[in-house]
Amino acid sequence: MTDPSVTVPLRWLDDAPPADLPAGATWGVPLPRGAVTSAADLRLRPVGGAAAAGQFWPLATWPDGTLKWAGAALGATASPGDYEIVADAASHVPVPESGVRVDETDDGVVVDTGAARLEFELPGAGRDVDVLVRRLSRGARVVAENVRLVSLLQDGMPEGDGTLTRTAFRSRVTGVEVEQRGPVRAVVRIDGVHRAEGGDRQWLPFTVRAVAMAGSHAVRLVHTMVWDGDADTDFLAGYGLRADVPLRAALHDRHVRLAGADGGFFAEAVRGLTGLRRDPGPEVRAAQIRGERTPPLDQWNPEVSGRLDLIPAWGDVTLTQLSADGFGIRKRTAPGHAWIDAAAGTRAEGYAAISDPEGGLGIGIRSFWQSHPGQLDVRGMAGTSAEVTAWLYAPEAQPMDVRFYHDGLGQDDFATQLEGLEITYEDYEPGFGDAHGIARTHELTLFAYDATPAIERAADEVAQLQRPPLLQPTPEHLHAVGVFGDWAPADRSTPVRGEIEDSIDVLLGFYLGQVDQRRWYGFWNYGDVMHAYDPDRHVWRYDVGGYAWDNSELSPDLWLWYSYLRTGRADVFRLAEAMTRHTGEVDVYHLGRWKGLGSRHNVQHWGCSAKQLRISSPIYRRFLHYLTADERIGDLLTELRDSDERFLDTDPTRKVRPDAATYRPDRGALAVGLGTDWGALAATWLADWERTGNERSRDRLLGTMADIAALPHGFLTGEALYDIETGRFDTARDQISVSHLSAVFGLVEVCSELISLVDVPGFRDAWVHYCRLYLSTPQEQAAAVGAALTGIHLEQAHSRLTAYAAAATGDDALAARAWEAFEGIGEWLVHRRDLVIRRIEGPEVLRPVDEAPSVSTNDAAQYGLAAIQNLALIGAHLPEE
């Protein structure tokens, strides 16, 4: 039975309710173990008010079958406030005034939000569908037709004298599925590929989800493209979403809106009536500026109304954002005539609208300038139907080049490659620096207008497009429910606690600032950070082997997410969100030979030959899925379900394996590391089990936990032999092998959660034993296992292992040792008073930047995680000196 006392307090991510909520909101909440049996028992209500219309669905369950995470949705409303979720199975379920309705036929799907209507066409039965949305309507007016994806393929780069050609491609839909049916939220998934216009070639598989909310005229599109080209011959020269917009009004009543920087707008009519030699009249000019229908022509100054055909009509407009620092707008009357520069600025917000007094269409791209090069094209506004294209990759930019960045430097065998690792930290292997199979996800919004939107209204919608209002559970509730392991809300109740909290904030602030100062932006780059710094050049080592893009090395993803959980900070959430979008898509393969694996840090995100589960691990993605109920992140979790099969063809330690001469993975005994490898598998199986109830994942998770407990040395074994058919380890392996990397890619977090979730005999003891011994003295290690452990590094990061053992055993001496390791033994001591951040200006750098020469992403992330977890586990033992 559901516990009627359950209440989930909610907060808005940006601390206050938005003035208006035209697109609704979707989020996720955790529920106490054993308290709620069904999402149907949940209700949304304003604080102090009666129940509001909400929608709930299950995201994950506890091992006892009760609801652990629920997705929640609130429709469009003009007066959002403060809300909470309660368990109240007996109460009436409110119905939204304008609920979402989904109707399916043999050849299509229609979704009606009460404010907008979408029509989808189903492929099959002789229907070759090349559009995502056939029609988008507002009331009786069709505001957009034939919403489709388009792309351009160039057959080379401009490096010689040869003639280059571009081939146009268009979306071909292979499947349409209704995933959610309302009454507050409906989701339609569209799958397909790009097919050459007039040809047979198909490439760039995509998935688009159309999310429609009750009462909303805005439709959110979550679009994912998988790169499946040949890097040597395929150069993407443009990729975008295109729609046809019917226009009916006179040219002087047709309007274009482009969002510029800092809330500004480029807003003009197709045929302008201001600035003319003759004045049409103040009422006419004022109406056109407002975007309203102008008075009848017989009320104009006849010196203007009689000469309208002599005023140019500007049918085409383009905005290009080719870098993070500049955009340009130009326009022309028609093809075959010159473009005229119209405006310029720094960072455009990625929104374009075409409309007349009877309605129109707006398209917005979230994180537009951050994901440059982008482009917005409006064409044919002087005709009966205009065309708008929101380019996710601008055709006016240099074509996309994903070839590997060097020729191999003679590294043709493992010995030479290991030598290369010694000098540039790059793990190179011929053929492995391949982008085939990586992906990119964008969020777009279609706005169905019933008239030309006022500038103020469009500005508000653009602000919410870029920073969507989001309801969230409070840090206190998240902590009380007991999700995501060992952490606690930020606490400055003592001077030393305050200093540690301040040091975490300084590091977070430094990285939040570095993203913009160092321009860590771009189509493939946005969301990632750099790995290590070069103080001589005053730059991050963007061009030095394995020191460049971080690709989740030592878990900055976890640091950001745990920092968000305990503070609720919106700026930290949005960086963590961008990082999750990036690392889950770009740094991981979604098809091809390495499907399910990620790439270690490199100058290019896909460049490293270390293809491993430690990068693709769901431990980094599940936060965003559970906190926002995002279906695409759910896809990323599901597609890893069988990632243990990758050990059959890609041995992560093939270059350094001491038994390489005899190791044969095809004979059923796969070598799986009990740190980075099993930690990622455990996170995969746990996410799949609690999300879907998959028995295979459950059995492999619980079975391997039991096997680790049965190994003579548990986690200290380092690597166990795994039978892919049974999903179990050989428990006879008797060896000791310790790596400083084993516990810094999510193993700590997943083990803590597993121990709190399920009781597998011996597993907790095996983990506590490992945690206790890692930073113990050589004498203590020898007494326990016969020899001192080797390979002990990153002591500060591993202080949290000692803290876990201290908390598990109640050993005060271990707690003191953990704080000593955190504060004094580590390779890099971080206290707010000792961390030097200085501003560099002048000719040494392109622009003023902050630098902290001793800081690497590894240090910052592991310091932050150790501080957070130590405070939660042994904060009561924190020395006050």
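Residues numbered from 1 in each chain as written. Predicted model: local features only at pLDDT ≥ 70, side-chain atom pairs only at ≥ 80, totals over all residues. Heavy atoms only, no water.

Novice: Explain the layout of surface pockets here, please?
Specialist: Over the atoms rolls a probe the size of a water molecule, and in doing so it shows where empty space is left. Reported here for the largest pocket is a volume of approximately 1,400 Å³. Lining the largest pocket we find 42 residues, and of these R614, T653, S739, H740 and L741 sit closest to its centre. Those elements giving two or more residues to the lining of the largest pocket turn out to be helix 3 (414–424), helix 12 (676–692) and helix 19 (857–874). The leading source of residues in the lining of the largest pocket is helix 3, at three residues. When grouped by side-chain class, the residues that make up the lining of the largest pocket number 13 nonpolar, 16 polar and 13 charged. In this structure, the second largest pocket spans a volume of roughly 800 Å³. Around the second largest pocket sit 33 residues that line it, and R519, N525, M530, Y542 and W549 are the ones nearest its centre. Of the residues belonging to the lining of the second largest pocket, the class tally is 19 nonpolar, seven polar and seven charged. (1 Å grid on protein atoms, 1.4 Å probe; cavity = no way out; pocket = protein on both sides within 12 Å on 5 of 7 lines; lining within 4 Å. Points joined across faces, edges and corners; volume = space filled by probe spheres on them. Helix = DSSP H or I, 4+ residues; strand = E, 2+ residues; numbered from the N terminus. Nonpolar A, V, L, I, M, F, W, Y, C, P; charged D, E, K, R; others polar.)

Novice: Where do I start with empty space enclosed by the protein in this structure?
Specialist: Evaluated as defined, the whole model comprises nine cavities of 30 Å³ or more. Roughly 600 Å³ of internal volume is contained in the largest cavity. At the level of elements, strand 2 (25–30), strand 14 (202–213), strand 15 (218–226), strand 26 (439–449), helix 4 (455–466), helix 8 (570–585) and helix 10 (622–628) are the ones that each hand at least two residues to the lining of the largest cavity. For the lining of the largest cavity, a count of residues per class yields 17 nonpolar, five polar and 10 charged.

Novice: Can you help me understand the nonpolar core in this one?
Specialist: Nonpolar side chains in soluble globular proteins tend to end up buried together. In terms of nonpolar packing, the biggest core is built from 245 residues, with W27, W227, W678 and F715 touching the most fellow members. If near-sequence neighbours (up to four positions away) are discounted, W227 is found in contact with W203, L204, D234, L236, M400, V402, A435, H436, G437, I438 and W524. If you look at the next biggest cluster of nonpolar residues, it comprises eight residues, including A218, A353, Y449 and V462. (Core = buried A, V, L, I, M, F, W, Y, C linked by side-chain atoms within 4.5 Å. Buried < 20%, exposed > 50% of the residue type's maximum accessible area, 1.4 Å probe, protein only. Contact = heavy atoms within 4.5 Å.)

Novice: Honestly, the pairing of strand 7 (residues 101–104) in this entry has me stumped. Any pointers?
Specialist: The two faces of a sheet get side chains in turn, since along a regular strand they alternate between them. Relative to strand 8 (residues 108–112), strand 7 runs antiparallel, the two being bridged by four bridges. Following the sheet pairing, E104 is matched in strand 8 by V109. The antiparallel pairing of strand 7 with strand 8 creates a hairpin that spans three residues between the two strands. (Pairing = 2+ DSSP bridges.)

Novice: I would appreciate a short explanation of the side chain of E631 in the present structure.
Specialist: One can find E631 in helix 11 (residues 631–638). Residue E631 is classed as buried on the basis of its relative accessible area of 18%. E631 has contacts with E179, Q180, R185, V187 and R209, leaving out every residue within four places of it along the chain.

Novice: Would you mind showing me how to read the sheet that holds strand 1 (residues 7–12) here?
Specialist: Strands in a sheet are paired, the pairing made by backbone hydrogen bonds, and the direction either parallel or antiparallel. The sheet built from four strands is open, its strands ordered 3-6-1-27 with antiparallel pairing. Lying at the two open borders of the sheet, with one neighbouring strand each, are strand 3 (42–46) and strand 27 (471–473). Adjacent strand axes in the sheet meet at a mean angle of 30 degrees when their direction is disregarded. When strand 1 meets strand 27, the two strands line up antiparallel, connected through three bridges. Of the residues in strand 27, the one forming a bridge with R11 is Q472. (Axes fitted to C-alpha atoms, helices over the stretch in contact; angles between N-to-C directions.)

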